[in-house]
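# Descriptive analysis of the structure
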There are 2 protein chains.
Amino acid sequence: MSEGVEWALHSCVNLAWSGPDRAVSAARLAAWHDLPAAYLNKQLQALARAGILTSSPGPRGGFRLARPLASISLMDVVAAVEGPEEAFRCTEIRRRGPGAGDPAAEGADAADCAVAHAMTRAELAWRRALAAQNLDEIRQQAEQQAPEAAGRLRAWLAAQ
Amino acid sequence: MSEGVEWALHSCVNLAWSGPDRAVSAARLAAWHDLPAAYLNKQLQALARAGILTSSPGPRGGFRLARPLASISLMDVVAAVEGPEEAFRCTEIRRRGPGAGDPAAEGADAADCAVAHAMTRAELAWRRALAAQNLDEIRQQAEQQAPEAAGRLRAWLAAQ
DNA sequence: TGATTCTGGATATTTAGTATCCAGATTATG
DNA sequence: CATAATCTGGATACTAAATATCCAGAATCA
Ligand code: SF4
Ligand code: SF4
């Protein structure tokens, strides 16, 4: 899993803390946690394409949340950053070498394979678990541990 | 997920098909599906270290199953090949840049983070799903689709 | 007009995965 | 005992993916 997921999750919570009325530029979001600005910008673009953030150019532009944190699941963010590919990619080794049977007689493909089935099932379980938690729950827990974080962020943004 | 997982799963089933009494060399297992022999050998070594296979050097040596297929889960194989690392690695970005709070006041680490919790829970669901299926079930389904596969492998091995 | 910022493509750098090679140890066979 | 087969594990090379930077263009605001 790429570390852009972690950046994206924190950025969404930071956007919620920054208030609903202000857009925050990628540069400031990156500076807040000392991340590479241009690269974080790419992740934020992916979130915007996925409908999680909205973006606006120009001065006073930047990114803001497209919908409430409570309606954004961890799965939404992971899917936006990581793309739609499954972790297990079948390379059809069954079809290669002396072990490959008569291709005409074997109609079997990955869809009929118990390995592929099991891997897909496992990945679905993973996705379900991620979809079951939303970013507002994350925010609440973060505020419990660091109640001053939101205020500190707002003060720092105001000083920029 | 590395493709060594797919190789390892097929190799285990192939070892079961080859019969309990014969060891099969990495070279032959690789040739059967046209895989790079030296690299497959490394995956088989990992399976041996994990106690899934046993290995023996010398002529008539090679690899064989250390225990019945029914007692080897997909999770066992994945863990042996992929190693113990979790897919989500927290890089503690919370602690860097202006956003880092007073380090003394914050005892919070990854163990207290809702994100890390949720990611770990999701990964556990994935592991459970993999652990719920064993290689004997895979073998049965494979035999249903290609009943002649086992016989073909044994004949080819005898001719080598 | 000029400064700010997103967009998206091109490119470079770094890291992880894939693959090969070799020297050494072990074992079966004759 | 000598030889060939095979695993072991480290070193190395190659390739693909992730990470990071850069730039030209478009949009927006003051
Ligand atoms: S049998 Fe299953 S795991 Fe093996 S190559 Fe086919 S789809 Fe992939
Ligand atoms: S708050 Fe959670 S996700 Fe963020 S850096 Fe800390 S452990 Fe990682």
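Look a little higher up for the structure.
If you're wondering where the values come from, they're calculated on a predicted model, not measured in any experiment.

Not every one of the nine residues close to ligand 1 is listed here, only the nearest: A:Cys90, A:Arg94, A:Cys113, B:Glu6 and B:His10. Neighbouring residues of ligand 1 are not confined to one chain but are distributed across chains A and B. Among the residues forming the shell around ligand 1, the class breakdown is five nonpolar, one polar and three charged.

Among the nine residues in the neighbourhood of ligand 2, the closest are listed as A:Glu6, A:His10, B:Cys90, B:Arg94 and B:Cys113. Chains contributing residues to the immediate surroundings of ligand 2 are chains A and B. For the shell around ligand 2, the residue count by class is five nonpolar, one polar and three charged.

With that settled, the discussion passes to the protein's contact with DNA strand D. The environment of DNA strand D is made up of 25 residues, and the closest members are A:Pro59, B:Ala26, B:Arg28, B:Lys42 and B:Ser55. Of what DNA strand D places within 4 Å of the protein, 59% of the atoms are sugar or phosphate. In the model, a phosphate oxygen of DNA strand D is placed 3.4 Å from a nitrogen or oxygen of the A:Glu3 main chain. Secondary structure elements with two or more residues in the surface near DNA strand D: α3 (37-49) of chain A together with α2 (26-32), α3 (37-49), β1 (53-56) and β2 (62-65) of chain B. The leading source of residues in the surface near DNA strand D is α3(B), at four residues. Taken together, the residues of the surface near DNA strand D sort by class into 10 nonpolar, 10 polar and five charged.

It takes a turn of 180° to lay chain B on chain A, together with a shift of 0.0 Å along the axis; the resulting RMSD is 0.1 Å. Expressed as a symmetry operation, the mapping of one chain copy onto the other fits a two-fold axis. When C-alpha positions in chain B are compared against the rotation axis, the closest is assigned to B:Trp126, at 2.5 Å. Here 100% of the contact residues of chain B are again contact residues in chain A; the copies associate through an equivalent surface.

Rules used in this analysis
Each chain has its residues counted from 1, running along the sequence as written. Think of it this way: whatever chain is written first is A, whatever ligand is written first is 1, and the rest follow in order. Per-residue local features of the predicted model are confined to residues with pLDDT of at least 70, and side-chain atom pairs are confined, for both listing and counting, to 80 or more; whole-chain, interface and lining totals are unaffected and use all residues. Based on all heavy atoms of the structure, the side-chain values leave hydrogens and waters out of the count. By convention in this text, a residue qualifies as near a molecule or strand provided that one of its non-hydrogen atoms is within 4 Å of it. Classes in brief: Ala, Val, Leu, Ile, Met, Phe, Trp, Tyr, Cys and Pro nonpolar; Asp, Glu, Lys and Arg charged; the others, Gly included, polar. In protein, a polar contact requires one atom able to donate a hydrogen and another able to accept it; more generally it is a pair of N or O atoms within 3.5 Å, and residues adjacent in sequence count only if both atoms are side-chain atoms. Numbered from the N terminus, helices here are DSSP runs of H or I no shorter than four residues, and strands are runs of E no shorter than two. Here the copies were fitted onto each other by least squares, based on C-alpha atoms from residues at pLDDT of at least 70 in both. Here, residues are in contact when the closest pair of their heavy atoms is within 4.5 Å.

These results come straight from atomic positions and should not be treated as a statement about function.
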